[in-house]
Amino acid sequence: MLNSQSLLVQNLLSEMDLNDSQLEELFNPKDKVMNDEAFEVMSEFFKSADRLIICGDYDCDGVSATSIAYLLAKKLGKDVGYYIPNRLTEGYGVKSHTIQMASDKGYTDVLIIDNGVKSHVEVELAQSLGMRVGIIDHHLISDEIKADAFLHPDLLSVYGYSMCAAGLVYALSEYMGLDDEYMLSLAALATVGDVMPLWGKNREIVRRGVAAIERNQFLQFDLLVKRSRFTTYSAKLLAFQIVPKVNSVGRLADRANVNTAVAYFVGDNKASINSYALQMLALNDERKSLGKSYFKDAMKLVDGEAMNIVVSDGFHEGLLGIVANQMLVETQKPSLVLRRYDDVIKGSARSNSVSLSGVFNQLNPDYFIAFGGHDFAFGVSIKPECFEDFKNDVQKLVSISPVIEKTTHIINFDPNLVNAESLDNLRSFEPFGTDFELPLLKMALPKGYRVSPINGHGYKFVFGEFPINEAVFFNTTYSLESMNQLESLVGSIDLGSKYRVSFFVEDIIKSVV
């Protein structure tokens with residue numbers, strides 16, 4: 001199978017250590033309607049619902065899953081509403097007051113999406129009020145789930161491994177024979193946004209979903225990427241051009257109501273859709289501007305300790321994780337960015353080398369009002385009176401914690417393997433992403449290349465007679481003089497353009513002078 005591909009594809013795929021099952025998925029992709037028992041139970045929940053309230057989450061997966069579930073309920077002719085909590089005032093997960101309010105308004109059934117596996121109190125309350133409860137979630141199950149219907153990747157065959165909430169709701173609609181290409185596109189967006197591994201049903205959803213968006217010209221997608229004749233949809237385009245804009249609505253919850261993001265995706269009035277898109281684009285611009293400002297302020301507080309820990313009264317709570325990630329990239333140290341309130345200090349941490357869950361789970365639990373996360377992303381709410389002890393203990397633990405090595409696969413690359421046919425051949429194996437990432441390429445620079453600054457954002461390389469037309473390096477650390485003394489570039493080919501062959505630079509290798 002591999003031998004029949006272009007030399008470019010052969011070189012790349014052969015370096016990726018793929019097993020026989022994965023190669024079969026790549027060369028003979030199949031579309032499978034999942035039929036596990038959990039789908040039948042959830043299908044009956046939907047069919048028998050009277051007045052249904054959908055309680056979602058404020059990230060891209062939660063918004064997309066809520067939207068698909070709403071569209072599915074509408075196809076069944078249900079009286080359906082939805083509610084996503086305010087990230088800043090209500091926090092993550094369905095709340096008891098939401099359940100009580102829904103019951104008071106006459107809702108008889110509640111579907112909790114992209115949260116719920118830990119909502120035991122809320123589930124018990126709903127059932128005590130006579131409501132039936134369904135949960136569609138993909139987070140870690142730690143206790144018995146007592147919902148009336150439950151859909152989770154742990155209940156599915158291996159083909160449904162590690163699906164996100166929107167993927168699960170789409171698979172349910174498919175099982176019920178009520179799916180459509182727009183619902184599929186939302187599931188693809190969420191699968192990419194929640195960084196799911198791109199194998200099995202996830203791969204199928206993203207592969208088919210990207211093609212559906214390209215084919216149908218869905219207004220809600222096209223407005224956010226400002227689609228032109230040069231636009232080619234891909235998993236990467238969804239990840240970088242749409243996901244952050246959807247997430248910005250939930251992050252800036254003091255400036256916008258995240259429920260409008262659901263209205264945007266389920267609406268059919270073009271004027272309203274255009275209006276919501278403009279608001280979303282403006283919010284995303286504000287997010288980027290605030291994040292840039294906070295990052296500069298945060299870097300001034302870096303003190304050289306094992307972990308960057310910065311706290312401010314002025315940081316926006318919804319942007320703490322973004323700033324922590326920027327600090328991580330800049331310093332290559334675990335970073336925790338916090339906002340101080342009178343009664344709590346809240347923050348988000350990011351790491352690429354030390355297990356954050358391993359560190360925070362060793363701390364005195366009395367330090368926290370709440371905390372949770374995983375190895376590389378963690379959220380904390382700390383009692384103000386415990387903060388100094390917390391900070392000292394964290395620095396001690398991080399300094400002695402084992403480093404989790406994350407190796408980067410780099411291969412030597414012959415640019416002469418690149419042509420229109422080989423790039424089309426490579427694109428045929430989209431989507432690329434989590435658990436299916438192409439290796440980085442080391443490319444020797446041709447003689448006589450020209451390089452120029454890009455408005456303070458980095459550098460652009462232009463080549464003459466060369467299979468690669470140009471390369472871009474978004475890094476301002478190096479001088480223009482040093483850019484003219486390079487031997488090689490390390491990076492990846494931009495598969496998003498069919499008009500020019502561009503190379504995205506991740507690193508440089510200087511000539512020995």
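Quick caveat: nothing in here was measured; it's all calculated off a predicted structure.

Asks: Any chance you could explain the sheet that holds strand 8 (residues 345-350) here in plain terms?
Replies: Where strands meet in a sheet, backbone hydrogen bonds hold them as pairs that are either parallel or antiparallel. Here we have five strands laid out as an open sheet, ordered 6-7-8-10-9, and mixed in their pairing. In this open sheet, the two edge strands, each paired with only one partner strand, are strand 6 (308-312) and strand 9 (368-373). Within this sheet the neighbouring strands show an average axis-to-axis angle of 15°, counted without direction. Sheet strands touched by helix 16 (residues 387-400): strand 6, strand 7 (335-340), strand 8, strand 9 and strand 10 (377-382). Its angle to strand 6, the strand with the most contacts, is close to 160°.

Asks: Quick question: what am I supposed to make of the nonpolar core here?
Replies: Taken as a class, soluble globular proteins show a tendency for nonpolar side chains to be buried jointly. Ranked by size, the top nonpolar core spans 92 residues in total, and within it Phe46, Leu111 and Phe221 carry the most contacts. Residues in contact with phenylalanine 221, not counting those within four places in the same chain, are Tyr182, Ser185, Leu186, Leu189, Ile213, Tyr233, Leu238, Ile242 and Tyr264. Counting 40 residues, the second-largest nonpolar core is a separate cluster that includes Leu26, Leu445, Phe473 and Ile508.

Asks: Help me understand the sheet that holds strand 3 (residues 109-113), please; the structure alone is not making it clear to me.
Replies: In spatial order, the strands read 2-1-3-4-5; together these five strands make up an open sheet with parallel pairing. Both outer strands of the open sheet, strand 2 (79-83) and strand 5 (149-151), are each paired with one neighbouring strand and no more. Between one strand axis and the next, the sheet turns by 15° as a mean value, whatever way the strands run. Against the sheet, helix 6 (residues 120-128) engages strand 3 and strand 4 (132-136), with an angle of about 150° to strand 4.

Asks: Help me understand the pattern of salt bridges in this model?
Replies: Pairing of side chains with opposite charge becomes possible as their charged atoms draw close. Inspection of every chain in the model, using the stated rule, returns 22 salt bridges. Two residues, aspartate 254 and arginine 255, come together in a salt bridge whose shortest N-O distance is 2.7 Å. Accessibility expressed as a relative area gives 48% for aspartate 254, which makes it partly exposed. Among the salt bridges present, the one from lysine 391 reaches glutamate 388, with a minimum N-O distance of 3.9 Å. Placement of the pair is lysine 391 and glutamate 388 together in helix 16, with a separation of three residues, close to one helical turn.

Asks: Sorry if this is basic, but what is going on with the layout of surface pockets here?
Replies: Any empty space left between atoms is shown by rolling a water-sized probe over those atoms. Taken as a whole, the second largest pocket holds about 430 Å³ of empty space. Taken together, 21 residues form the lining of the second largest pocket, with Ser21, Glu25, Tyr159, Trp199 and Gly200 sitting closest to its centre. If you list the elements that add at least two residues to the lining of the second largest pocket, you get helix 2 (20-27) and helix 9 (200-216). Sort the elements by how many residues they give to the lining of the second largest pocket and helix 2 lands first, with five residues.

Asks: Mind showing me how you'd approach helix 8 (residues 181-193) here?
Replies: An α-helical turn contains 3.6 residues, so any two residues separated by three or four positions project in the same direction. For helix 8, spanning 13 residues, the distance from its first C-alpha to its last is 18 Å, which sits close to the expected 18 Å at 1.5 Å a residue. Along helix 8, eleven of the 13 residues are buried, which leaves the element largely enclosed by surrounding structure. All buried positions along helix 8 are accounted for by Tyr182, Met183, Leu184, Ser185, Leu186, Ala187, Ala188, Leu189, Ala190, Thr191 and Val192. Tucked into the core, helix 8 has its buried residues touching helix 4 (60-75), helix 7 (165-175), helix 9, helix 10 (219-225), helix 11 (235-251) and helix 12 (259-266). The distance from a side-chain oxygen at the start of helix 8 to the backbone nitrogen of tyrosine 182 is 3.0 Å, and the residue carrying that oxygen is aspartate 180. The first or second residue beyond helix 8 is valine 195, which carries a positive phi of 55°.

Asks: What is the right way to read the packing of aromatic side chains from this model?
Replies: Think of a pair of aromatic rings as described by two things: how far the centres are apart, and how the planes are tilted against each other in angle. Summed over the entire model, instances satisfying the criterion amount to 22 aromatic pairs. Judged by centre distance (5.5 Å) and plane angle (90°), the rings of tyrosine 70 and tyrosine 82 are edge-to-face. With a gap of twelve residues between them, tyrosine 70 in helix 4 and tyrosine 82 in strand 2 connect regions that are remote in the sequence. The class of tyrosine 82 is partly exposed, set by a relative accessible area of 23%. Every member of this aromatic cluster is reached through a ring pair, and the members are Phe360, Phe368, Phe371, Phe378, Phe387 and Phe390. Of note, lysine 32 hangs over the ring of tyrosine 159, and the distance from its end group to the ring centre comes to 4.6 Å. Stacked on the ring of tryptophan 199, the Lys or Arg arginine 203 has its end atom at 5.3 Å from the ring centre.

Asks: Honestly, helix 14 (residues 320-331) in this entry has me stumped. Any pointers?
Replies: The end-to-end C-alpha distance of helix 14 is 16 Å, a good match for the 16 Å that twelve residues give at a rise of 1.5 Å each. Burial in helix 14 covers these residues: Leu320, Gly321, Ile322, Val323, Ala324, Met327 and Leu328. Where the residues of helix 14 are buried, they touch helix 11, helix 13 (270-299), strand 6, strand 7 and strand 8. Two residues or fewer past helix 14, glutamine 332 is found with a positive phi of approximately 55°.

Asks: When you look at the packing of helix 4 against helix 8 in this model, what are you seeing that I'm missing?
Replies: If you want to describe how two helices pack, look at the angle between their axes and the distance between the axes. Packing of helix 4 against helix 8 leaves a shortest axis separation of 8 Å and a crossing angle of 160°. Taken as axis vectors, helix 4 and helix 8 run roughly antiparallel relative to one another. Judged by the twist between their axes, the crossing of helix 4 over helix 8 is left-handed. Across from Cys60, Asp61, Ser64, Ser67, Ile68, Leu71, Leu72 and Lys75 in helix 4, the residues of helix 8 making contact are Tyr182, Met183, Leu186, Ala187, Leu189 and Ala190. Its residues placed into classes, the contact of helix 4 with helix 8 shows ten nonpolar, two polar and two charged.

Rules used throughout
- Residues numbered from 1 in each chain as written.
- Predicted model: local features only at pLDDT ≥ 70, side-chain atom pairs only at ≥ 80, totals over all residues.
- Heavy atoms only, no water.
- Pairing = 2+ DSSP bridges.
- Helix = DSSP H or I, 4+ residues; strand = E, 2+ residues; numbered from the N terminus.
- Axes fitted to C-alpha atoms, helices over the stretch in contact; angles between N-to-C directions.
- Contact = heavy atoms within 4.5 Å.
- Core = buried A, V, L, I, M, F, W, Y, C linked by side-chain atoms within 4.5 Å.
- Buried < 20%, exposed > 50% of the residue type's maximum accessible area, 1.4 Å probe, protein only.
- Salt bridge = Lys/Arg side-chain N within 4 Å of Asp/Glu carboxyl O.
- 1 Å grid on protein atoms, 1.4 Å probe; cavity = no way out; pocket = protein on both sides within 12 Å on 5 of 7 lines; lining within 4 Å.
- Points joined across faces, edges and corners; volume = space filled by probe spheres on them.
- Expected span 1.5 Å × (residues − 1).
- Polar contact = N/O pair within 3.5 Å; in protein donor to acceptor, adjacent residues only side chain to side chain.
- Phe/Tyr/Trp six-rings, centres within 6.5 Å; stacked < 30°, edge-to-face > 60°.
- Lys NZ or Arg CZ within 6 Å of the ring centre and 35° of its normal.
- Parallel < 35°, antiparallel > 145°, perpendicular 65-115°, else oblique.
- Left-handed = near helix turned anticlockwise from the far one by under 90°.
- Nonpolar A, V, L, I, M, F, W, Y, C, P; charged D, E, K, R; others polar.

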